[in-house]
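Next come the chains, spelled out residue by residue.
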Amino acid sequence: MNWNNWIRQFHRWLSIVFTVAVIINIVAMVLQQQAVWIGLLALFPLILMLLSGLYLFVLPYLAPRRMQGGSTSASQV
């Protein structure tokens, strides 16, 4: 698997983990069983999602431009 595809897949799975952690946090708040570790449960996947998301955001700007001969885009006109 390509490195970029691996990071993209990792980012998708992290979003599922983050969603589950937020649901657990909401359930704990409704049951009034607040604990610090429950509040911080979503923080770890969120930080990893931030890093992988920033990488995926910057990736198109860092990739070499592959222009075919003779093709023009709106930014070149």
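Conventions adopted
- Residues numbered from 1 in each chain as written.
- Predicted model: local features only at pLDDT ≥ 70, side-chain atom pairs only at ≥ 80, totals over all residues.
- Heavy atoms only, no water.
- Phe/Tyr/Trp six-rings, centres within 6.5 Å; stacked < 30°, edge-to-face > 60°.
- Helix = DSSP H or I, 4+ residues; strand = E, 2+ residues; numbered from the N terminus.
- Buried < 20%, exposed > 50% of the residue type's maximum accessible area, 1.4 Å probe, protein only.
- Patch = residues over 30% accessible without salt bridge, like charges linked within 9 Å, V, L, I, M, F, W, Y side chains within 5 Å.
- Areas by Shrake-Rupley, 256 points an atom, 1.4 Å probe, with all protein chains shown as cover.
- Salt bridge = Lys/Arg side-chain N within 4 Å of Asp/Glu carboxyl O.
- Expected span 1.5 Å × (residues − 1).
- Contact = heavy atoms within 4.5 Å.

Caption draft 1: View of the packing of aromatic side chains. Overall, the coordinates contain 3 aromatic pairs when judged by the stated rule. Centre to centre, the rings of W3 and W6 are 5.8 Å apart; their planes meet at 20 degrees, and the pair counts as stacked. Taken together, the positions of W3 and W6, both in helix α1 (residues 3-30) and 3 residues apart, correspond to about one turn of that helix. Under the relative-accessibility criterion, W6 is labelled partly exposed at 43%. What links up through ring pairs into an aromatic cluster is the set W3, W6 and F10.

Caption draft 2: Representation of a nonpolar patch on the surface in the model. Together, W13, I16, V20, I24, W37 and L41 make up an exposed nonpolar region whose accessible area comes to about 630 Å². Broken down by element, the residue count for the nonpolar patch peaks at 4 residues, all from α1.

Caption draft 3: Region of interest: helix α3 (residues 43-62). Here α3 contains 20 residues, and its C-alpha end-to-end distance of 28 Å stays within 8% of the 28 Å for a straight helix at 1.5 Å per residue. For α3, the full list of buried residues reads P45, M49, S52, L56 and L59. Next to the buried residues of α3 lie α1.

Caption draft 4: Structural view of the environment of A21. Among the structural elements, A21 can be located in helix α1. Residue A21 is classed as buried on the basis of its relative accessible area of 4%. Each C-alpha atom of the pair A21 and I38 lies 8.2 Å from the other, and the pair is 17 residues apart in sequence. In contact with A21, other than residues within four places in its own chain, are L41 and A42.

In short, the description is geometric, and any link to function would need to be established separately.
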